[in-house]
Amino acid sequence: MAGIELQGLVKRYGKTQVVHGIDLTIEDGEFVVFVGPSGCGKSTTLRMIAGLEEIDGGTITIADRPVNRLEPKERNIAMVFQNYAIYPHMSVAENIGFGLYTAKLDKAEKRRRIEETARILGLEPLLERKPSALSGGQRQRVAIGRAMVRDPAAFLFDEPLSNLDAQLRAQMRLEIKRLHQRLGRTIVFVTHDQVEAMTLADRIVVMRDGRILQVGAPMELYEKPADVFTARFIGSPTMNILPAKTSTADGKAKLELAGNTIALPPRPTALPAEVLVGVRPQELRVLAPGETADLVLTGKVAVVEPLGSETFVHVEHGDGLILASAPAKAPPFVGHDVRLGAGIDALRLFDAATERAL
Amino acid sequence: MSAASPMALRIEPGRIIAWLLLFGGGLLMVTPLAFMFATSLKDSSEIYDLAFFPAHPTLSNYVTVLSDGRFLRWFANSFGIAVAVTLSNVFFDSLVGYTLAKFQFRGRYLVFIAILSTLMIPTEMLVIPWYVMAKNFGWLDSYWGIMFPGMMTAFGTFLMKQFFETVPNDFLEAARIDGLNEFAIFWRIALPLVTPALSALAIFTFLSNWTAFIWPLIVTTSKELYTLPVGLTSFAVESQVQWELIMTGAALATLPTLTVFLLLQRYIVRGVVLAGLKG
Ligand SMILES: Nc1ncnc2c1ncn2[C@@H]1O[C@H](COP(=O)(O)OP(=O)(O)OP(=O)(O)O)[C@@H](O)[C@H]1O
Ligand SMILES: [Mg+2]
């Protein structure tokens, strides 16, 4: 079993604590993605798992073995860096072979493993090249090859695709996913990109300020975000967040939002007076004349973004813009007033003070 | 590097001035050297004519100098010493520079400042302490006595530290995960990434030791231990100065310098470090 377990993991740099006691169990063979804003401690956590950063509290267990005191090489993990970090003075074959540095294999067996890895990654024709003569995607593949060749218990990736252009990124994303399906190894993957997180992860770990906010399968996070941050991070385009008030009359809760009064289904706990309402652009549609909805917002169209399959419409509302969707065939015109509507099921409520989901 | 584009060849007034200045400067530096070579081809009777071109060019001076056992001995001394000191500097300066650049430890800054501060002390001031040291250790009049002050230099350590700081930590961490021990990381990963700096350091160290004069002069007394500059000078103070032979010796002395430079200069130009990173 090559699962990874983090218990009360703490990291300090001098007096500032940057990781505040993280608890997480990663199953054997699971693909876990860490997301969160810059500086929230994703890399630090990953580097503690790798053994590149000292642990100031808590324990890390890899494959049922506490590894706090073990050197990186004794942990049987492999890591792929954002900058690839393939050695520029060595050929592709030598770079991949370096992953076998500690393996006690004879030359022929080493060569066989290098070639096998190169074949899987489509690097065979490039084995004798130097990194300076490779494209970004090929370099990243070499870095992955160096990690793969050793057949480690777990792979750690720190934003491995962020230096690639959009198309290559999509392609490498697919390759990493297939690699995971093929090798079945545990993967911990750090990214800024919500599409990467959604498409790759078995489970997503959302971090903020050195803490875990929420852990769950991609759809779980999409459907039931635990707070505003997760709600805005997961899903593209970003969810609209609107301030609203609640009131209770005759034991029935009501939501007051931009002139709408919406009756809320009964809930076990009382609502705070000030709330934030989240509604995804896909669920906030431009209404046809005469059509109604539970929530209706009006405003002037500022920008129209046709994407082919659908069209997004930025509408002036209050001091800002809200994003809604319109049918691709009949988008509204810039400068026209439109009515936007959403059903009550599409509304997600958050406490305005704590930003936690209600 | 691609060839210069036609645009770059357009002749501008500023460019002409720059060329003239460079040409003048070059002439100033090359003339004494050229005169040295010219003199080495002259017959002893022509020496005081001070004409640039020898009237009857001859290689006989070279035959004389090369068949003189003393010259060959001094040449070998200088060469051996310069090579040994260079190897020592390349290894130890980079080892210390690497440690200072890439490891966090107590007193690191203090060590660095201490090393740096010795840069400010001129060699002339150090000669006496070196001499006292050599005398007490019994190193006077020995090869080791000539070499020991230069086996490591503050300049080299400083240079290597600065270069190692430009090596991204990702390389070292990747190697750590690949299972290399710390020395192997230094030797197999970090060092090859700073070959331009190593070549510069090697050239620099070789040249300064090849031409070193004051310290070898002071520390040696036996003629067999002389280095080439000391030996050539001793020629000059003999009763009858044979300038054509001294010039021939000096001309021969430039050969290793040229060789070293030609061998290593391509490594200086080649910027290796960034090739394994993004972009
Ligand atoms: N060597 C260090 N010394 C002091 N503070 C550090 C050090 N390394 C990281 N930090 C701090 O620790 C916090 C977490 O950093 P970390 O690199 O883990 O963030 P991250 O989530 O990976 O961010 P990014 O998405 O930008 O890569 C940051 O506030 C950072 O400033
Ligand atoms: Mg990071």
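All values reported here derive from a predicted model rather than from experimental measurement. Numbers given to residues run from 1 along each chain, matching the order in which its sequence is written. Just so you know, chain letters begin at A and ligand numbers begin at 1, following the order they were written in. The predicted nature of this model means local features are confined to residues of pLDDT at least 70 and side-chain atom pairs, given and counted, to a pLDDT of 80 or more, with totals for whole chains, interfaces and linings taken over all residues. Only hydrogens and water are set aside; all other atoms, that is, all heavy atoms of the structure, feed into the side-chain values.

## Some words on empty space enclosed by the protein
Cavity means a closed set of points on a 1 Å grid over the protein atoms alone, one where a 1.4 Å probe fits but cannot get out, pocket means an open set with protein on both sides within 12 Å along at least 5 of 7 lines, and lining means a residue has an atom within 4 Å of a point. Grid points are joined across faces, edges and corners, and a volume is the space filled by probe spheres set on the points. Tallying each qualifying case throughout the model produces one cavity of 30 Å³ or more. There is about 40 Å³ of room inside the largest cavity. Considering the residues around the largest cavity, the lining is formed by Ala78, Met79, Arg146, Ala147 and Arg150 of chain A together with Ala174, Ile177 and Asp178 of chain B. Those elements that provide at least two residues to the lining of the largest cavity are strand S6 (77-80) and helix H4 (136-148) of chain A together with helix H8 (169-178) of chain B. Counting residues per element, the lining of the largest cavity draws most heavily on H8 of chain B, at three residues. As a working rule, the residues Ala, Val, Leu, Ile, Met, Phe, Trp, Tyr, Cys and Pro are called nonpolar, Asp, Glu, Lys and Arg charged, and the rest polar, with Gly in that last group. Taken together, the residues of the lining of the largest cavity break down into five nonpolar, no polar and three charged. Secondary structure elements are defined from DSSP: runs of H or I of at least 4 residues count as helices, runs of E of at least 2 residues count as strands, and each element is numbered from the N terminus.

## As for the site of ligand 1
All names here are of chain A. Within the structure, ligand 1 sits among Tyr13, Val18, Ser38, Gly39, Cys40, Gly41, Lys42, Ser43, Thr44, Glu159 and His192. In protein, a polar contact requires one atom able to donate a hydrogen and another able to accept it; more generally it is a pair of N or O atoms within 3.5 Å, and residues adjacent in sequence count only if both atoms are side-chain atoms. The contact in question runs from an oxygen atom of ligand 1 to an N or O atom on the side chain of Ser38, over 2.4 Å. At 3.0 Å from an oxygen atom of ligand 1 is found a main-chain nitrogen or oxygen belonging to Gly41. When the free accessible area of ligand 1 is taken as 630 Å², the share hidden by the protein chains comes to 58%. Ranked by residues supplied to the shell around ligand 1, first place goes to helix H1 (residues 42-50) with three residues. For the shell around ligand 1, the residue count by class is three nonpolar, six polar and two charged. Proximity is defined per residue: any heavy atom of the residue falling within 4 Å of a molecule or strand makes that residue near it. Only the protein chains shown count as cover for residues, with accessible areas throughout obtained via the Shrake-Rupley method and a probe of 1.4 Å.

## A closer look at unusual backbone geometry
Residues and elements named next belong to chain A. Cis geometry marks the peptide bond from Ser236 to Pro237, where omega comes out at -5 degrees. Mapped onto the elements of the fold, Pro237 is located in the loop between helix H8 (228-233) and strand S11 (240-249). The phi angle at Asp64 is positive, at roughly 65 degrees, despite the residue not being glycine. Examined against the element boundaries, Asp64 turns out to sit in the loop between strand S4 (57-62) and strand S5 (65-66). With a relative accessible area of 64%, Asp64 lands in the exposed category. Here the phi dihedral of Glu159 falls at roughly 45 degrees; this positive angle occurs in a residue that is not glycine. Here Glu159 is to be found in the loop between strand S7 (154-158) and helix H5 (166-183). Here's how the labels work: a residue is buried when its accessible area is under 20% of the maximum for its type, exposed when over 50%, partly exposed in between, all with a 1.4 Å probe on protein chains only.

## Some words on the packing of aromatic side chains
Two numbers describe a pair of aromatic rings. These are the distance of the centres and the angle of the planes. Aromatic pairing here means that ring centres of Phe, Tyr or Trp (its six-membered ring) are within 6.5 Å. Orientation follows from the plane angle: under 30 degrees is stacked, over 60 is edge-to-face, and everything else is tilted. Counted according to the given criterion, the structure contains 31 aromatic pairs over all chains. Considering the side-chain rings of Phe52 of chain B and Phe53 of chain B, the 5.0 Å spacing of their centres and the 80 degrees angle between planes classify their relative orientation as edge-to-face. Note on Phe52 of chain B: relative accessible area 32%, which makes it partly exposed. Between Phe79 of chain B and Phe206 of chain B the ring centres are 6.0 Å apart and the planes differ by 75 degrees, which places this aromatic pair in the edge-to-face class. Taken as a pair, Phe79 of chain B in helix H3 (residues 69-102) and Phe206 of chain B in helix H10 (residues 195-210) lie far apart in primary sequence, 127 residues in all. For Phe79 of chain B, a relative accessible area of 38% translates into the label partly exposed. Among the aromatic residues, ring-to-ring pairing joins Phe91, Phe92, Tyr98, Phe103, Phe164, Phe183, Phe186 and Trp187 of chain B into one connected group. The ring of Tyr222 of chain A carries Arg280 of chain A above its face, with NZ or CZ at 3.9 Å from the centroid. Sitting over the face of the ring of Phe112 of chain B, Lys161 of chain B holds its NZ or CZ atom 4.0 Å from the ring centroid. Criterion for a charge above a ring: Arg CZ or Lys NZ at most 6 Å from the ring centre, at most 35 degrees from the ring normal.

## Concerning the side chain of Ser94 of chain B
For Ser94 of chain B, the position within the fold is in helix H3. The contact definition used throughout considers only heavy atoms, calling two residues in contact when any of these lie within 4.5 Å. Contacts of Ser94 of chain B, omitting those with residues within four sequence positions, involve Asn89, Met160, Phe164, Phe186, Leu191 and Leu198 of chain B.

## Some remarks on the sheet that holds S6 of chain A
Residue and element names in this part refer to chain A. A pair of strands is considered paired only if DSSP assigns at least 2 bridges between the two. Spatially, S6-S7-S8-S3-S9-S10 is the arrangement adopted by the six strands of the open sheet, whose pairing is mixed. Sheet topology places S6 and strand S10 (211-216) at the edges, where each strand pairs with a single neighbour. With direction set aside, neighbouring strand axes in the sheet form an average angle of 20 degrees. The sheet contact formed by S7 and strand S8 (residues 186-190) spans five bridges and is parallel. Bridging across to S8, Asp158 finds its partner in Val190. Note on definitions: angles span 0 to 180 degrees between N-to-C directions of axes, and those axes are lines fitted to C-alpha atoms, for helices only across the stretch in contact.

## Description of a nonpolar patch on the surface
Patch criteria: residues need more than 30% relative accessible area and no salt bridge. Like-charged residues are merged within 9 Å; nonpolar side chains of Val, Leu, Ile, Met, Phe, Trp and Tyr are merged within 5 Å. We count a salt bridge whenever a side-chain nitrogen from Lys or Arg sits within 4 Å of a carboxyl oxygen from Asp or Glu. Taken together, the side chains of Ile11, Ile16, Trp19, Leu20 and Leu22 of chain B define a hydrophobic patch exposed on the protein surface, amounting to about 570 Å² of accessible area. Classification of Ile16 of chain B by relative accessible area gives partly exposed; the value is 39%.

## Let's talk about the sheet that holds S4 of chain A
Residue and element names in this part refer to chain A. Read across the sheet, four strands follow the order S2-S1-S4-S5 without closing on themselves; strand pairing throughout is antiparallel. Looking at the sheet topology across the chains shown, the edges are occupied by strand S2 (16-26) and S5. Where S4 lies against S5, two bridges are found, and the strand directions are antiparallel. Bridge assignment links Ile62 to a residue of S5, and that residue is Arg65.

## Comments concerning the domain arrangement of chain A
All names here are of chain A. A domain assignment, automatic or from a database, supplies the domain bounds used here. Taken domain by domain, chain A comprises domain 1 (4-233) and domain 2 (240-351). Contact with domain 1, which involves seven residues of that partner, is made by six residues of domain 2. Surface buried jointly by domain 1 and domain 2 totals about 620 Å² across both partners, of which 57% is contributed by carbon and sulfur atoms. Throughout, buried area stands for the accessible area (probe radius 1.4 Å) lost by two parts on being put together, summed over both. Its largest share of buried area at the contact with domain 2, domain 1 owes to Tyr222, Val228 and Ala231, together 64% of the area lost on that side. At the junction of domain 1 and domain 2, the tally comes to one salt bridge.

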